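Chain residues, written in single-letter form:
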Amino acid sequence: MSVRKPFVGGNWKINTYLETGRALGREVVAGCEGIDDVEVAIFPPIAYVLPMAGVLGKADSKVLLGAQDCYPEPEGAFTGEMSASQVADCQATVVLVGHSERRHVIGEDDALINRKVLAVLAQDALTCMLCIGETLEQREAGQTDVVNESQLRAGLNGVSPTQLDRLIIAYEPVWAIGTGRTATPEDAQNAHARCREVLGELFGPDQAQAIRILYGGSVKPGNARELFGQPDIDGGLIGGASLKGEDFLAIIEAARS
Ligand code: PGA
């Protein structure tokens, strides 16, 4: 039995507006009332992080507020970006780093992602969710574990063991994100188990046992329970299905023990 508390995050990407986001946030908060065996976070578009802090704060909710990205430099001339300390100042407590859309659409490389991981973890108030995962081409070439390992090693370079309680990994096969295709529970479990081994090599086996590894990629109410039932899958990062309160809440329910 895992000692790791399941975590379910809703990545809204650039969907919702102020009012629709507020309504969705309120629905999630109401649905999570009384749930304390799963940690839940929402990742609204960056412009709505602070307004959403108002929604969560007003309801005195335990739903965590997340940001989808941040820039590694603390301040200066970086037009359009937002620093980790600004994200924290807007009351976010979790930050996604290295999401597949940042890697493959925006073009971020492992070196930049590593700088972001370190910048997020340098803020005591922030948890970093490092996203990793292989493309379809890499999967078909049998490279899934190799890609995950190299993204983990590069992304976590320089992370101190004392910061690990603020680290979460999200394994999201690129070919499964937003496509309706999901890894089989068995394939996902195998990838997660290998990721945990790599974390063990980096930080020691006991530390690796405590780090949550989430699955992401077309998680839906209909497949969540089986995925989350795998021994090394500690919840999920949800895109499309997090935009519908009812579906997101059903996925949270599926993560409960
Ligand atoms: P999806 O997105 O659930 O729509 O596949 C997951 C993600 O991008 O985190």
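Analysis parameters
Residues numbered from 1 in each chain as written. Predicted model: local features only at pLDDT ≥ 70, side-chain atom pairs only at ≥ 80, totals over all residues. Heavy atoms only, no water. Buried < 20%, exposed > 50% of the residue type's maximum accessible area, 1.4 Å probe, protein only. Helix = DSSP H or I, 4+ residues; strand = E, 2+ residues; numbered from the N terminus. Pairing = 2+ DSSP bridges. Contact = heavy atoms within 4.5 Å. Near = heavy atom within 4 Å. Polar contact = N/O pair within 3.5 Å; in protein donor to acceptor, adjacent residues only side chain to side chain. Areas by Shrake-Rupley, 256 points an atom, 1.4 Å probe, with all protein chains shown as cover.

Q: Break down the pairing of strand E6 (residues 167–171) for me, with residues and values.
A: Most of E6 sits inside the fold, with five of its five residues counted as buried. Burial along E6 is two-sided: the residues Leu167, Ile169 and Tyr171 and Ile168 and Ala170 are all buried. Relative to E6, strand E5 (residues 127–132) is paired through five bridges, and the arrangement is parallel. Among the inter-strand pairings, Cys128 is bridged to a residue of E6, identified as Leu167. Where E6 meets strand E7 (residues 212–216), four bridges bridge the pair, whose relative direction is parallel. Within the sheet, the bridge partner assigned to Ile168 lies in E7 and is Arg212.

Q: Residues and numbers for the environment of Ile213, please.
A: For Ile213, the position within the fold is in strand E7. Along the chain, Ile213 and Glu27 lie 186 residues apart, while their C-alpha atoms are 26 Å from each other. For Ile213, the residues in contact, after removing those within four places along its chain, are Ile169, His192, Cys195, Arg196, Leu199, Asp232, Ile233 and Asp234.

Q: Kindly report on the site of the ligand, identifying the contributing residues and their values.
A: As a structural note, the neighbourhood of the ligand is formed by 13 residues, with Lys13, His99, Glu172, Gly178 and Ser218 the closest of them. At 2.6 Å, a backbone N or O of Gly178 approaches an oxygen atom of the ligand. Within the backbone of Gly239, a nitrogen or oxygen atom sits 2.8 Å from an oxygen atom of the ligand. In isolation the ligand exposes 280 Å². Once the protein is present, 96% of that is buried.

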